[in-house]
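Architecture at a glance
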Amino acid sequence: MAKTTNLTIGIIGGGQLGRMLAMAAARLNHRTIVLEPQADCPAAQACNDQIVAAYDDEKALAQLASRCDVVTYEFENVPVAAAEKLSASVPVYPPAQALSASQDRLTEKRFLNDCGIPTADFHAVDSQEELEAALAAFGGKGVLKTRRMGYDGKGQRLFRGGEDLAGAFAALGGVPLILESFIAFEREISIIAARFRDGTVTCYDPAENVHLNGILHTSTVPAALSDAARGIAVQSAEKLLAALEYVGVIGIEFFVLPDGSLVANEMAPRVHNTGHWTEAACVISQFEQHIRAVSGLNPGNTDRHSDCIMTNLIGDDINDVPAWLSKKDCLVHLYGKTEARPGRKMGHVTQLLHTGKA
């Protein structure tokens with residue numbers, strides 16, 4: 001039987017998600033080694049060691065593989081070639097095919113559809129002419145996005161109809177784009193799910209999310225969602241995880257339409273900002289669940305013991321920490337970042353809500 005305790009776990013990426021994974025791993029008596037080019041990264045404060053090198057540095061990858069029992073990652077833009085190279089000598093979870101499916105929005109949309117999960121209609125856009133034709137097909141409305149590397153609202157432009165289209169393709173860098181049809185949704189939700197090595201899937205309650213300036217502001221649990229819609233979210237996660245032969249935690253975002261149906265927006269093959277509430281409102285957080293999955297341990301209980309609201313602390317919101325600390329039933333989690341910049345995630349707060357729930 002493979003060893004599942006006292007492992008050394010490699011984490012590619014040293015941001016706040018890597019930091020929280022390292023903290024969860026330590027509670028389970030695992031050691032962690034982070035591969036991250038920034039020496040003073042948030043995860044460096046919580047891991048056992050750091051390899052300071054680029055994510056595709058071959059010597060660094062070989063060192064990581066030789067020192068670790070398993071490797072995971074905290075963000076979806078890890079070079080696929082790096083994950084594949086590591087996989088030749090050490091287990092890598094989630095698998096490299098999850099990165100391949102998620103890094104290109106066009107590939108991602110097609111993969112979701114192939115799994116029977118509906119998305120917005122979309123067109124690949126590789127020129128100004130293709131953009132104009134695609135917008136015309138959508139009645140002048142849609143969301144134009146870079147196919148790769150965009151996050152937190154970056155690399156996007158919304159068209160509501162009637163805009164001057166001159167130079168619109170070049171304005172996003174002249175790179176391959178995707179135009180998605182405009183979705184008149186009532187709310188945004190997400191589900192955090194985990195798949196284990198034996199195929200077991202666990203899901204947390206869906207969260208209802210509000211974004212400001214393209215960045216997640218709050219996640220509220222429970223979401224205003226019918227039982228049928230909740231079931232569809234769970235079934236979608238199960239289908240997607242099985243198709244990817246996935247191991248670990250994934251976040252899947254959906255739009256809820258006026259008729260209660262769901263349309264998938266995107267997936268993230270990692271622990272997810274909309275699941276941060278789990279560390280306060282569940283016995284087993286998404287971070288521990290991920291560590292349990294990749295290290296071969298049993299699944300943890302995903303039941304929620306409290307309703308809650310998770311609020312991101314963005315930029316100067318860090319100045320509100322003393323006020324948050326004075327409130328009852330608030331878990332404040334700061335990321336160890338020394339400089340607060342506009343749009344930068346500095347921490348989060350989860351406030352438990354007392355609603356008579358046992």
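What counts and what doesn't
- Residues numbered from 1 in each chain as written.
- Predicted model: local features only at pLDDT ≥ 70, side-chain atom pairs only at ≥ 80, totals over all residues.
- Heavy atoms only, no water.
- UniProt positions renumbered as here; feature names shortened; annotations may be inferred.
- Pairing = 2+ DSSP bridges.
- Helix = DSSP H or I, 4+ residues; strand = E, 2+ residues; numbered from the N terminus.
- Axes fitted to C-alpha atoms, helices over the stretch in contact; angles between N-to-C directions.
- Contact = heavy atoms within 4.5 Å.
- Buried < 20%, exposed > 50% of the residue type's maximum accessible area, 1.4 Å probe, protein only.
- Polar contact = N/O pair within 3.5 Å; in protein donor to acceptor, adjacent residues only side chain to side chain.
- Parallel < 35°, antiparallel > 145°, perpendicular 65-115°, else oblique.
- Nonpolar A, V, L, I, M, F, W, Y, C, P; charged D, E, K, R; others polar.

The name given to the protein in an unreviewed UniProt entry is N5-carboxyaminoimidazole ribonucleotide synthase, with the source organism recorded as Agrobacterium pusense. Listed in UniProt under the heading Catalytic activity (unreviewed entry), the comment for the protein reads: "5-amino-1-(5-phospho-beta-D-ribosyl)imidazole + hydrogencarbonate + ATP = 5-carboxyamino-1-(5-phospho-D-ribosyl)imidazole + ADP + phosphate + 2 H(+)".

Here's the deal with the sheet that holds strand S7 (residues 156-160)
The four strands lie next to each other as S5-S8-S6-S7, forming an open sheet whose pairing is antiparallel. Taken across any chain shown, the strands that pair with only one partner, and hence form the sheet edges, are strand S5 (122-125) and S7. Direction aside, neighbouring strands of the sheet carry axes that sit 20 degrees apart on average. Of the pairings in the sheet, the one linking strand S6 (residues 141-146) to strand S8 (residues 177-180) comprises four bridges and is antiparallel in character. Looking across to S8, one finds that leucine 144 is bridged to leucine 179. Together, S5, S6, S7 and S8 form the strand contacts of helix H6 (residues 128-137), whose direction differs from that of S5 by roughly 170 degrees.

A short note on the side chain of serine 295
The residue serine 295 is located in helix H10 (residues 286-295) in this model. Look at serine 295 and you get buried, because its relative accessible area is 0%. Here the side chain of serine 295 touches arginine 292 through a polar contact of 3.5 Å, landing on its backbone oxygen.

Some points on the packing of helix H4 (residues 96-103) against helix H5 (residues 105-114)
Remark: H4 packs on H5, axes separated minimally by 5 Å, with the N-to-C direction vectors making an angle of 110 degrees. Between H4 and H5, the crossing angle belongs to the class labelled roughly perpendicular. Along the contact surface, H4 presents Ser100, Ala101, Ser102 and Gln103, while H5 presents Arg105, Thr107, Glu108 and Phe111. Counted by class, the contact of H4 with H5 contains two nonpolar, four polar and two charged residues.

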